[in-house]
Amino acid sequence: MNMLLHSHLSSGCILTAAGAGVALCLAGCISSPQADSALRVRCGRMKALTDGPGHDTEAVWSPDGRRIAFQTDRQGDWDVAVLDVADGGVTPVAAGAGHACYPAWTPDGRLIYAFGHHPMTAVQAARSGADCGYGLRVWRPDGGISELTQGYWRDYTPSVTADGAFVYYASTRGNSGNSAGVWRVPLDGEARAACVLPLDGGTVGAVQPSLSPDGRFLLWAQLDGFRENWRLTAAAATNLQESLTLTPAEMSAYAPRWSPDGRLIAFTGFRAGDPGWGIFLLEPRTGGLCRLATGRGHARSPAWSPGGRSLVFENNRSGFYKLYRMPVRCDILCERSAETQSSLDRVEARWDGSALVDAGGGRVAGMPQAGDAVRFERPAGLDFGSGAFFVDLTLVVDRHAPDTRIAVVGQYAEHALGWQVFVRENRRLFFNSRGPDGRFIGIESDDPVQTGRPVRVLGIRDADGAMRLYVDGRKQAGCASGATLSYSPALSVCFCQQWNGGMRLNGRVLAFACGRGYPPGVPRVMTSAGLFDGEAGQ
Amino acid sequence: MTRRDWIAAAVLCAAAVNGAARFEAAALVDSFDFAHVKERDGRYVYDTETEAGNIAVLDHVLLTGARTILWRNCGGATMRYRSDEERWPRVEAPLDKRRLPDNRPVYGWLRYYETEPDILRHMLGVCRERGLRAGVHWPFEETHWASWTFGAWNFEHPQFWGVSPRGKVWAGRCSLSYPDVVAHKLRLADELVARGMDHLFVDLWRIGGWSPEYEYVPPEVSRWRHQFGSEPPQDPRDPRWCRHVAETAHAYFVALRARLAASGRPVRLMIGIPDVDGGESSEDTVLLTRGVDWRRLVREGVVDAIVVMSVKWEERAPLESTREIYRRVAAFCEGRCEVLFPVTQYDFTKKGIPSYCRATRLAPEAVAGELVKLAWEEGGDGICMECVDHNNYAPATCEVLRRLLDGACRWKRNRAITP
């Protein structure tokens, strides 16, 4: 028995109905702050595909729809196995010592998966020069297995492009922090793996990347800091630097999968008030969001059948995570992108060498401080509110110091160190803003600052609290979010020293400008219309 | 011998005759912090996933004169022992894709939670065999990334996650207002008791998520509405909200105390408190940022010892203001619980030995000596050394510490016999 439910998005609630227990599954539409459209979802009977002890997770449907690959820990560590959909038979394909996980099908029936085997302690491995990483392997239907990538890093969560040419995956290769970026490697051929989305620094990462069926968009789950939630993110495949966040900051969202027609995204999510992890459907153009009712237990890691009519996912109602299949039909009732055009209400302050000049021509003369430091009292044009703002300066560092030194700081009633550009003891630049509670949120440059030459630094706080840092025009790999402090008029701006006079920079500021919105020539925050419909961003 | 030496010797004799207790020297030790230490030739010094490696860690720690060794049970790279409570799902990155890998060699490859034998059980046993006090340093809600609260249990129980005033959920914290969460924490305590823990140090300094900010969960909000008939304040540092949250935290500590008592093992319960100024006010840092009323815990006899992690000493009178704070805290704890004062090389708070050095122009070993004597003279029951990493306490500092801890400050100060 199927039922149809449709609720207006503003209701904000999940509709479920009692009925035939697990067999009856209803899914209603829920509100999304950005959306004014609805999804209409019908779900069929949930059917268990695996049983017994051990956890079966990370299922993916084969292109011909006859098999489902998944990972299982029935034997202790993770192995990859294949389920025959018709008869339920399970065949191990990558078993034995070590962890084999995150399977992904190629169009011609091969499997890509991540593999790592670490029998030694970390120090023993380091002493012996052993490989401590996770690499990608290729399993062929004839039983052969070959390495695709391998090294002293972790490659994981692979996906294969629809044409079978490339594998996208998360990798820690070359990273130094708690982080992972997105890499791509040709499935066949001699070309080498390449990083397509560098993310490094403190607790930032992009995991489970996949290209849309038409090859135009890349989708992944991204974390911008340990205080943040995983969020779904997408970008044009040709320009991953300008990405669009698809899910709200309030919820945790990961493990995204494109539907075969590219119109929907299934993912694992949790919001305040949910009973546990759930399967969500997202229409990325409108932001329409729907949580499927999957009954008891957590439901995670959805994957589409080739025709897009069913989902396979894991659920732990039995005590172990086991695989379940559920027919799903989703009608998109409105595909109008829900964009809100925000006026930028430009306010700006620019240093002309002696004063900060605001957009109306008002001037606040700089008061020379010790060394090359300058202080401006109550300059206009720095009341950024809660919207996007930028800080653009050119500085020269003459000599590094063993501790932090300030290049420029904006002092506010909300926080004395409202935003800052500074040089850390590790000689790298840092741009920071603040969270609504005053919490420090910032980005570090990829490399140390060279002394004795001008360096252009551009820091941007986007309206959604995300942060960006450009050094000499190049976007830095670090990212952060949650910087949503609202700025009232500035109490002061200081060049080359802290607002209270300390932490003086061994150098000078050559040029400075700041303001609401974005400076000319800088990529603005991506919008749904801009990404999916090719319109200019805000 | 100088007159001062004679006096000290007399104090020692008198203390011994009177059966005075040993002035305690506790060390917070994390095997993880020793894992990357290398010789000049690049060889790793400690293999902290082995018994021998951790015994080498202990030998190094003992150079400070410490006699109470508090081993970290979790943090940095999740659990430090084979915890049943935190066993599933595998939290090793990248096996759980919600955890980002730590890419620092060799930190990111440590798997203490799979090590045989169980490191924590082994080292607690080694400490007892050597006549040391064996305990656990439990960073109660540490939420640096890769820390244990982003681990198995939290990831499996999002329904108990903290919620911000704006409705944002967060994996780094599960609310103690849910009985399931309390039960989980108590089971973790059981695991520690089963491994031979005699001293449990719950470190409120290490928070991240240990904050009223993420306590806007349905049980706490409902309790507020029921109690006050209004919506809770949206500012998580509002003292009214913090006191409200502190009631839940207090109930947890009472439950923990009872659980330890029921174990049949006399486990001493200690809590670490930061940013102490010695005064009593609603602006208490621990209350406003941790949601814990430590003074109430002391008054009601819930805890056996307070470990002061840092004090708000004044730049213009570093040691004098420290003494005043120590005096006030000791007076408050007198007759209620023991109190340990910090001798902290770690300077994250800008109140440790390096900051004292800058403010006083004294050498680190001189500052360390002064802090030991201050703690002893003001009636403290001992000192606590934080982050006793490899050579974090320099050899000269260790020498001063040992000399005092084995000499003039060997026994707790007895006011009746102290000159």
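Just so you know, the residues in each chain are numbered from 1, in the order the chain's sequence is written. Lettering for chains starts from A, numbering for ligands starts from 1, and both go in the order in which the items are written. Reporting of local features is limited, given that this is a predicted model, to residues whose pLDDT is at least 70; pairs of side-chain atoms are given and counted only at 80 or more, and all residues count toward the totals for whole chains, interfaces and linings. Hydrogens and water molecules were not included; the side-chain quantities draw on all heavy atoms of the structure.

### Some details on the confidence of the model for chain A
Next up, step 1: Residue-level confidence of the predictor is summarised by pLDDT, bounded by 0 at the bottom and 100 at the top. Per-residue confidence for chain A gives a mean pLDDT of 88; residues scoring 70 or more make up 90%.
Next up, step 2: In what follows, residue pairs with any heavy atoms lying within 4.5 Å of each other are defined as contacts. For residues 340-345 of chain A, every residue scores under 50 in pLDDT, and the model assigns this stretch 6 contacts once sequence neighbours within four places are set aside.

### Quick look at the state of the cysteines
Linking two cysteines covalently through their sulfur atoms gives a disulfide.
Residue and element names in this part refer to chain B.
Next up, step 1: Only a pair of cysteine sulfur atoms within 2.5 Å counts as a disulfide in this structure description. Enumeration according to the criterion identifies 0 disulfides over all chains in this entry.
Next up, step 2: Cys333 provides the cysteine sulfur closest to Cys337, a residue in no disulfide bond, and the two sulfurs are 3.9 Å apart.
Next up, step 3: Cysteine Cys398 is unpaired, with the sulfur of Cys357 as its nearest cysteine sulfur at 14 Å.

### A look at the packing of helix 11 (residues 318-333) of chain B against helix 13 (residues 364-377) of chain B
The packing of two helices is summarised by the inter-axis angle and the distance between the axes.
All names here are of chain B.
Next up, step 1: Here helix 11 crosses helix 13 at 30 degrees, and the two axes come no closer than 9 Å. In terms of their interaxial angle, helix 11 and helix 13 are classed as roughly parallel. Helix 11 and helix 13 meet at a crossing whose hand is right-handed. In this structure, helix 11 contributes Leu319, Thr322, Arg323 and Tyr326 to the contact, and helix 13 contributes Glu370, Leu371, Leu374, Ala375 and Glu377.
Next up, step 2: Note on residue categories: nonpolar means Ala, Val, Leu, Ile, Met, Phe, Trp, Tyr, Cys or Pro, charged means Asp, Glu, Lys or Arg, and polar means any other residue, Gly included. Residue composition of the contact of helix 11 with helix 13, grouped by class: 5 nonpolar, 1 polar and 3 charged. Angles here are taken between N-to-C directions and fall from 0 to 180 degrees, while the axes themselves are lines fitted to C-alpha atoms, restricted in helices to the stretch in contact. Working definition: helices are DSSP H or I runs of at least four residues, strands are E runs of at least two. Numbering for both runs from the N terminus. Any angle that is under 35 degrees is reported as roughly parallel, and any over 145 degrees as roughly antiparallel; angles of 65 to 115 degrees are reported as roughly perpendicular and all others as oblique. Whether a crossing is left-handed or right-handed is set by the direction in which the near helix is turned from the far one by less than a right angle, anticlockwise for left-handed and clockwise for right-handed.

### Observations concerning the packing of helix 11 of chain B against helix 12 (residues 353-360) of chain B
Residue and element names in this part refer to chain B.
Next up, step 1: Relative orientation of the contacting elements helix 11 and helix 12 amounts to 130 degrees, with a least axis distance of 9 Å. The orientation of helix 11 relative to helix 12 falls into the category oblique. Residues Pro318, Leu319 and Thr322 of helix 11 lie in contact with helix 12, whose contacting residues are Tyr356, Ala359 and Thr360.
Next up, step 2: Residues that form the contact of helix 11 with helix 12 fall into these classes: 4 nonpolar, 2 polar and no charged.

### A closer look at the pattern of salt bridges
All names here are of chain B.
Next up, step 1: Only one rule defines a salt bridge in this text: a Lys or Arg side-chain nitrogen within 4 Å of an Asp or Glu carboxyl oxygen. What the rule picks out here adds up to 69 salt bridges over all chains.
Next up, step 2: Note that Asp102 and Arg104 form a salt bridge whose closest N and O atoms lie 2.8 Å from each other.
Next up, step 3: Accessibility here uses a 1.4 Å probe with only protein chains present; expressed as a share of the type maximum, an area under 20% marks a residue as buried, one over 50% as exposed, and anything in between as partly exposed. Residue class for Asp102 comes out buried when judged on its relative accessible area of 8%.
Next up, step 4: Given a relative accessible area of 37%, Arg104 falls into the partly exposed group.
Next up, step 5: The salt bridge involving Glu378 is made with Arg327; its shortest N-O contact spans 2.9 Å. Pair noted here: Glu378 is in the loop between helix 13 and strand 10 (382-385) and Arg327 is in helix 11, with a separation of 51 residues, a long-range link.
Next up, step 6: Of the residues examined, Glu378 reaches a relative accessible area of 7% and is grouped as buried.
Next up, step 7: Counted as one network, the salt bridges with shared partners bring together Glu24, Arg133, Arg268, Glu338, Asp381 and Lys412.

### Things to note about the domain arrangement of chain A
All names here are of chain A.
Next up, step 1: Each domain's limits were defined by an automated method or a database of domain assignments. Per the domain assignment, the segments of chain A are domain 1 (9-332) and domain 2 (348-516).
Next up, step 2: Taken together, the 9 residues of domain 1 in the interface contact 8 residues of domain 2.
Next up, step 3: Note on domain 1 versus domain 2: buried area summed over both sides is about 810 Å², and carbon and sulfur give 48% of it.
Next up, step 4: Here the side of domain 1 that touches domain 2 is composed, by residue class, of 3 nonpolar, 2 polar and 4 charged. The term buried area denotes the loss of accessible surface (1.4 Å probe radius) that occurs when two parts are joined, taken as the sum for both partners.

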